[in-house]
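What the coordinates show
Listed below, chain by chain, are the residues.
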Amino acid sequence: MKKLLSCFTLLTLTVSLFAACNSGNANVTPTPEPTATVAPTATPEPTSTPEPTKKPTATPLPFDKSVTLMNTYGTVFDYSGTCISRVSDLEKSYTVKLLKKYHNSVTLENEMKPDAILGGIPSLITVDEAKTLGYIIPENYKDTMVPKLNFSATDLAMKLCTENDLGLRFHTLVWHSQTPNWFFRSDYNGNNDFVTTDVMDARMEFYIRTVMKHVYDNEYSSCVYAWDVVNEYWNATPNNWIAIYGEKNHTPSFVKLAFEIADDMLKQYGIRDKVSLVFNDFNTYMNTQHLVAIMEFINSEEKLCDAFGMQAHLDTGYPSTDSFKNTLKRFLETGCEVQITELDVTCKNDYSQSNYYYNLMKGILELKKEGGDISGITYWGLADDRSWRGEQSPLLFTIPGVPKPAYYKVLQAYVDAGYTIQQ
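So, here is what we can say about the structure in this document. Keep in mind that this is a model prediction, so the values were computed, not measured.

Along the protein chain, the regular secondary structure elements total 16 helices and 13 strands. Burial status across the protein chain gives 51% buried among its 423 residues. Once local pairs closer than 6 in sequence are excluded, the contacts in the protein chain between residues at least 24 apart make up 76%. Of the roughly 19900 Å² of accessible surface on the protein chain, 54% is carried by carbon and sulfur atoms.

Here helix α14 (residues 321–333) contains 13 residues, and its C-alpha end-to-end distance of 18 Å stays within 8% of the 18 Å for a straight helix at 1.5 Å per residue. Within the sequence span of α14, burial applies to Thr 321, Phe 324, Thr 327, Leu 328, Phe 331 and Leu 332. When α14 is viewed along its axis, its buried side chains cluster within an angular range of 140° and face the same direction. Every exposed residue of α14 that faces more than 90 degrees away from the buried side is listed here: Asp 322, Asn 326 and Glu 333. Backbone geometry just downstream of α14 places Gly 335 in the positive-phi region, at approximately 90°.

A separate point is the packing of aromatic side chains. Inspection of the entire model under this criterion finds 25 aromatic pairs. Residues Trp 241 and Tyr 245 carry aromatic rings whose centres are separated by 6.2 Å and whose planes lie at 20° to one another, so their mutual orientation is stacked. Taken as a pair, Trp 241 and Tyr 245 lie in helix α11 (residues 240–245) at a separation of 4 residues, close to a single helical turn. The burial state of Trp 241 is the same as that of Tyr 245; both residues are buried. Cluster of aromatic residues (ring-pair linked, three or more members): Trp 182, Phe 183, Phe 184, Tyr 188, Tyr 207, Tyr 233, Trp 241, Tyr 245 and Phe 254. Its end group placed over the ring of Trp 234, Lys 248 keeps NZ or CZ at 4.5 Å from the ring centre. The ring of Tyr 419 carries the charged tip of Lys 369 above its face, separated from the ring centre by 5.2 Å.

The omega torsion of the bond from His 171 to Thr 172 falls at 10°, within 30 degrees of zero and hence cis. Cis geometry is found at the peptide bond from Tyr 318 to Pro 319, where omega equals -5°. Considering the arrangement of structural elements, one finds Pro 319 in the loop between β9 (313–315) and α14. Notably, Gln 178 is not glycine yet its phi reads approximately 50°, a positive angle. Note on placement: Gln 178 falls in the loop between β5 (167–175) and α10 (197–216).

Attention now goes to the packing of α10 against helix α12 (residues 253–268). Relative orientation of the contacting elements α10 and α12 amounts to 30°, with a least axis distance of 10 Å. Relative to α12, the element α10 is oriented roughly parallel. In this structure, α10 meets α12 at a crossing whose hand is right-handed. Along the contact surface, α10 presents Asp 201, Met 204, Glu 205, Ile 208, Arg 209, Met 212, Lys 213 and Tyr 216, while α12 presents Phe 254, Leu 257, Ala 258, Ile 261, Ala 262, Asp 264, Met 265, Leu 266 and Gln 268.

In total, this model carries 19 salt bridges according to the counting rule given. In this structure, Lys 92 engages Asp 89 in a salt bridge whose closest nitrogen and oxygen atoms are separated by 3.5 Å. Here Lys 92 falls in the partly exposed class, since its relative accessible area comes to 41%. The exposure class assigned to Asp 89 is buried, which follows from its relative accessible area of 2%. Ionic pairing is found between Lys 267 and Asp 263, a salt bridge with its closest N-O pair at 2.9 Å. Separated by 4 residues within a single helix, Lys 267 and Asp 263 lie in helix α12, roughly one turn from each other. Overall, the relative accessible area of 3% leaves Asp 263 in the buried class. Through salt bridges with shared partners, a single network forms among Asp 263, Lys 267, Arg 272, Glu 302 and Asp 306.

A few words now on helix α15 (residues 350–369). For α15, built from 20 residues, the straight-helix expectation of 28 Å at 1.5 Å per residue is met to within 8% by its first-to-last C-alpha distance of 28 Å. For α15, the complete set of buried residues consists of Gln 353, Ser 354, Tyr 356, Tyr 357, Tyr 358, Leu 360, Met 361, Gly 363, Ile 364, Leu 365, Leu 367 and Lys 368. By the N-cap criterion, in which a side-chain oxygen at the helix start approaches the backbone nitrogen of a residue two or three places on, α15 is capped by Asn 349, the distance to Tyr 351 being 3.2 Å. Gly 371 lies just past α15 and shows a positive phi near 105°.

Mapped onto the elements of the fold, Asp 201 is located in helix α10. Other than its neighbours up to four places away in sequence, Asp 201 contacts Tyr 245 and Leu 257.

Definitions and cut-offs
Numbering of residues starts from 1 in each chain and follows the order in which that chain's sequence is written. Totals for whole chains, interfaces and linings use every residue, but because this is a predicted model, local features are given only for residues with pLDDT of at least 70 and side-chain atom pairs only at 80 or more, for both listing and counting. Hydrogen atoms and water are omitted, and side-chain values are computed over all heavy atoms in the structure. Segments assigned H or I by DSSP are reported as helices when at least four residues long, segments assigned E as strands when at least two residues long, and all are numbered from the N terminus. Each residue is placed in one exposure class: buried if its accessible area under a 1.4 Å probe, protein chains only, is under 20% of its type's maximum, exposed if it is over 50%, and partly exposed if it falls in between. Throughout, a contact is declared for two residues whenever any of their heavy atoms are within 4.5 Å. Areas reported here follow the Shrake-Rupley algorithm with a probe of radius 1.4 Å; residue values treat only the protein chains shown as occluding. A helix's residues, less one, multiplied by 1.5 Å, set its expected span. Arc, as used here, means the arc of the directions from the helix axis to the C-beta atoms. To pair, rings of Phe, Tyr and Trp, with the six-membered ring standing in for Trp, must have centres within 6.5 Å; the planes then decide the type, stacked if under 30 degrees apart, edge-to-face if over 60, and tilted in the middle. Ring-over charges, as used throughout, are those where CZ of Arg or NZ of Lys falls within 6 Å of the ring centre and within 35 degrees of the ring normal. Axes here refer to lines fitted to C-alpha atoms; in helices the fit is confined to the stretch in contact. Angles between the N-to-C directions go from 0 to 180 degrees. Note on terminology: angles under 35 degrees are roughly parallel, angles over 145 are roughly antiparallel, angles of 65 to 115 are roughly perpendicular, and the others are oblique. Here a crossing is called left-handed whenever its near helix is offset anticlockwise from the far helix by less than a right angle, and right-handed whenever the offset is clockwise. For this analysis, a salt bridge means a side-chain nitrogen from Lys or Arg found within 4 Å of a carboxyl oxygen belonging to Asp or Glu. Polar contacts here mean pairs of N or O atoms no more than 3.5 Å apart (in protein, one a potential hydrogen donor and the other a potential acceptor; neighbouring residues in sequence count only if both atoms are side-chain atoms).

Shown next, in the form of structure tokens:
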């Protein structure tokens, strides 16, 4: 029995010793617990930290609905503009009311371009018939026929802009694109050879003079404050103008001739000092010196061209806002006016876009404050859903009247540049 108890006692001691060892291990396991305890408190902090930085971008404070582009930028620049895709939009009272909340100027996206006025297929009339319609046929015009012009959209736009107290940019007279191929070919036949420079000079003169005459003979013409006389000369090759006049250079004869004709027409109507003639181009920040050289050629004898038009189809990745500002500054140094004519900024997200717009507008405003002759800013569309680059969300509104973070950053840039909001 004693032997049995001894065995039992030994067994008990063994179990106790084993338990004690395990008990010692249990005292070690709490060591990881502080790590587990710290991790949950540390992990949320980085996640929550970026959120406050995003809120100021998305929140419209301190701007309420009474603060718009019109009582900010519209008080500093002559024109706060936008582009509309169809002139019929101006017949919709809701659209016009919304448009006027933010803008005082419009540009038709397509309906004043040469193909809209000339037509896709030529409708030819005799020279005598053209003169009866009031067309201006130059003395050096050698063609026996004349293309009939369609001014329906132009007339409606002028009427509606005048009635709604909106300025109108005429876009555009001379352009390589959206000008019918047949306009450059003999007998106005797209299958024929290109005409000579002399014939093309006369055709261009007929077109510019007749379009401008039609506009200024109209009772609603006072709304037209600027003409894109030549659009995209330097940055578009090859094209039909170059096929006739030769490769691009710093002394393009037809470009200067276009401005001479437009200048003369404004003088005939006694409004030369009231309307701007514009040389409009894209990627200006890539070709600044080339464009300056062309402008100097156009104005070498007298000032025919008033303004550089900076199209400004930008992206948050390129160009830098400093590069854009430097180009704008260089253009202003020539003594010419600058109009920012087709502004939009494609992006990957709202955050990058809003910051880009902020820096861009702040730079523009700084140059304006220094006395730069920047007369207007035109956004290329009312909202992303109506933009030609809509998939990349380039504008300040998602749909008309629904602002994005970039809109409020644009307003913030105005305040931060030292300007006051007009109530």
